[in-house]
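Architecture at a glance
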Amino acid sequence: MTRPTETPITLAATEGRVTPRAAIPADAPLVLRGLTVSYGEKPAVFSVDATFAPEAMTAIIGPNGAGKSTMLKAALGVIPRLSGEVAVFGQPIDVARDRIAYVPQRASVDWDFPTTVIDVVLMGLYRRVGLLGRLTGAHLSRARDCLDRVGMGDFAARQIGQLSGGQQQRVFLARALAQDADLYLLDEPFAGVDAATERAIIDVLKALKAQKKAVVCVHHDLATVASYFDEVFLINVRRIAQGPVAETFTAENLHATYGGRLATTHLDQLDLAQG
Amino acid sequence: MGNEFVQFSLTPMLIGILAAVACALPGNFLILRRQALIGDAISHVVLPGIVVAFLVTGTVAAIPMLLGAAGAALVAVVLIEAIKRLGRIEPGAAMGVTFTTLFAAGVLILEQTDTSSVHLDVEHALMGNLESLIWFRAKGWGSLLDPVALAALPDELGRIAVVCALVVVLMIVFWRWLKISTFDEGFAQAVGLPVTAIGLGLVATAAVAAVAAFDAVGSIIVIAMFICPPAAARLVTNRLEHQVMWSVVFAVLSAVLGYVFAGYGPLWFGSQNAVSAAGMIAAVSGVILGLACLFGPHRSRVGVGREEVL
């Protein structure tokens, strides 16, 4: 078997010209190596290495403009990356797309789009159904089941524009569930949702973890990091730190990530690890 | 009445209907992608392409015209980019300058060349020549079964029929791609859809429809065909599938009513002359949109901006 990451760098490494990098672990749901993304002249994400853990919930945190969403989108190929490698369960992303479910930011789509809730969830079955395949009763009941899991079973026939922000977010999550993936990537799933929705979403995500799935969320609410997540990845354009919440979610690392933007009083209220 | 109708009105009406449907179908997605003015841009750029293609080949056949339009589109893209970079002005201004300049160049070239042998002059280029696309050999409804008469159908009918069928097939085959990538481009990319190719394919399809509709309604009024029927349809329903069907209904209605009003409307008011069919078709589609705005059951949702979170 050839190594999945045979690039000029690794080839040069085998010839002893550069220090070889550690082999990409095949069981890691998502590995990024030297990921760099730029919108203009300034990089939005610079040379980020990350290894996301299996069977765990990971929060990606950092200040606004730190490149949290950008990193996720670049890993998926939604936006082009300048350089870097991405491996999903040890494979190139285009081979492993069936194993990923992606929930974009709710505000990134036009909710006036003329479609219904169940239709949006059925989009999650696209890779199963294909371009011309027929949607069967089994597909439909599967989509309904996913809606039930996020507590939106009664809204199947609603036009999506008639939903509240929290309900829209749950529909997006139901679409991801329909994808039946092994790695769930969510971009700010708790942004601007009501308390009931936040509860519903976290329950679903924890259930996914119990089924040995990996969950990665771009997250902005530092107050809930310790109670919701197992692992944390801190980023501010560059990678600051990554590891279990119990070890990595420290005042020191938060200062390094947010600079002076976090007040000490705020930090005192967080359930921080002792670094 | 019947025989005269078949000879003078049947083919123009069919061509009008097919052109309206061919444009309305891609128009649905252009509108939902907030790219409605791409139809406008296409209609402007297409003219010089068609004129130059005619000058080079000497015919108004479909393939050279399409190639000409494609070439003109390429020139437009390069010009826009050049003006944007060299002049350091915003993209909207660069587009506005490029489209109008190319269109004006098309009109000037057309005016200065001898195109009297074919139906290609400034008036037709702007407003179409639907009224002249008559079926000379037809003697009545029976001619529809007469091979000799059928062979003498205007070429334009076959051309627009082929294009309309092509648009319908593309729409059916790529329905899921279009729907998913129009609603949620990020998700579409994450599941591996070629979203850039889908977007380009949509614009290319719209351009082909615009070139084909050139015969019927000219290069400018075609913009109404792209926008009015789908926009009216959006106000009538909240389901994409139904929206597309309604847009076809409105397109057919615009073409039929527009043609009839243009031909017979002035007579009802005691005037002797008919008015431009293409103009009337566009006007009727505008009236339908107006009525949909006033009475459409889902009119309140259009124009509501995206929710800005973060």
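Our subject is the structure that appears above.
Residues numbered from 1 in each chain as written. Chains lettered and ligands numbered in written order. Predicted model: local features only at pLDDT ≥ 70, side-chain atom pairs only at ≥ 80, totals over all residues. Heavy atoms only, no water.

1. Overview of unusual backbone geometry
Residue and element names in this part refer to chain A. Even without glycine at this site, S47 takes up a positive phi of about 45°. A positive phi angle, near 50°, is found at D180, a position not held by glycine. Checked against the element boundaries, D180 lands in the loop between α6 (165-178) and β6 (183-187). (Helix = DSSP H or I, 4+ residues; strand = E, 2+ residues; numbered from the N terminus.)

2. Quick notes on the sheet that holds strand β1 (residues 30-38) of chain A
Residue and element names in this part refer to chain A. The three strands are arranged β2-β1-β4 in an open sheet whose pairing can be described as antiparallel. Whereas interior strands pair on both sides, the edge strands pair on one side only; in this sheet they are β2 (43-52) and β4 (83-88). Direction aside, neighbouring strands of the sheet carry axes that sit 15° apart on average. Its contacts with the sheet place helix α2 (residues 68-76) against β1, β2 and β4, and it is angled at close to 110° to β1. (Pairing = 2+ DSSP bridges. Axes fitted to C-alpha atoms, helices over the stretch in contact; angles between N-to-C directions. Contact = heavy atoms within 4.5 Å.)

3. Re the interface of chain A and chain B
Listed as interface residues are 38 residues of chain A and, on the opposing side, 31 residues of chain B. Taken together, the two surfaces of chain A and chain B that pack against each other cover about 3200 Å², and 59% of this comes from carbon and sulfur. On the surface where chain A and chain B come into contact, there are three salt bridges. Taking the shortest distance from any N to any O, the salt bridge between D184(B) and R175(A) comes out at 2.7 Å. Linking chain A with chain B are twelve residue pairs in polar contact (both at pLDDT 80 or more), by the criterion used here. Those elements giving two or more residues to the side of chain A that touches chain B turn out to be α3 (117-123), α4 (126-129) and α6 of chain A. (Buried area = accessible area lost by both parts, 1.4 Å probe. Salt bridge = Lys/Arg side-chain N within 4 Å of Asp/Glu carboxyl O. Polar contact = N/O pair within 3.5 Å; in protein donor to acceptor, adjacent residues only side chain to side chain.)

4. Examining the sheet that holds strand β3 (residues 57-61) of chain A
All names here are of chain A. Taken in spatial order, the six strands line up as β5-β6-β7-β3-β8-β9 in an open sheet, and their pairing is mixed. In this open sheet, the two edge strands, each paired with only one partner strand, are β5 (100-103) and β9 (238-244). Along the sheet, successive strands turn relative to each other by an average axial angle of 15°, direction set aside. Each of β3, β5, β6, β7 (214-218) and β8 (231-236) touches α2; the most contacted strand, β6, lies at about 140° to it. Running at roughly 30° to β8, helix α10 (residues 251-258) makes contact with β3, β8 and β9 of the sheet.

5. Examining the pairing of β1(A)
Residues and elements named next belong to chain A. With eight of nine residues buried, β1 is to be regarded as a mostly interior element. One ladder, built from six bridges, connects β1 with β2; its direction is antiparallel. Opposite V37, over in β2, you have V45 as the bridge partner. What sits between the antiparallel neighbours β1 and β2 is a turn of four residues. One ladder, built from five bridges, connects β1 with β4; its direction is antiparallel. Looking at β4, one finds that L32 is bridged to V86. (Buried < 20%, exposed > 50% of the residue type's maximum accessible area, 1.4 Å probe, protein only.)

6. Examining the nonpolar core
Grouped together as the largest cluster of nonpolar side chains are 144 residues, with contacts concentrated most on I61(A), L205(A), F249(A) and L254(A). Top contributing element to this core by residue count: helix α10 (residues 195-236) of chain B, with 23 residues. The residues contacting F249(A), other than those within four sequence positions of it, are I61(A), L222(A), V225(A), V232(A), P244(A), L254(A), L270(A), D271(A), L272(A) and A273(A). Among the nonpolar cores identified, the runner-up in size contains 31 residues, and L72(A), A75(A), I79(A) and A190(B) belong to it. (Core = buried A, V, L, I, M, F, W, Y, C linked by side-chain atoms within 4.5 Å.)

7. Description of the pattern of salt bridges
The final tally for this structure, using the stated rule, is 13 salt bridges over all chains. In this structure, D94(A) and R97(A) form a salt bridge, with 3.1 Å as the shortest nitrogen-oxygen distance. Classification of R97(A) as buried rests on a relative accessible area of 8%. With a shortest N-O distance of 3.3 Å, K84(B) and E81(B) are connected by a salt bridge. Of this pair, K84(B) and E81(B) both sit in helix α3 (residues 62-87), three residues apart, which is roughly one turn of that helix. Owing to a relative accessible area of 29%, E81(B) belongs among the partly exposed residues under this scheme.

Shape is all these values report; function is a separate question.
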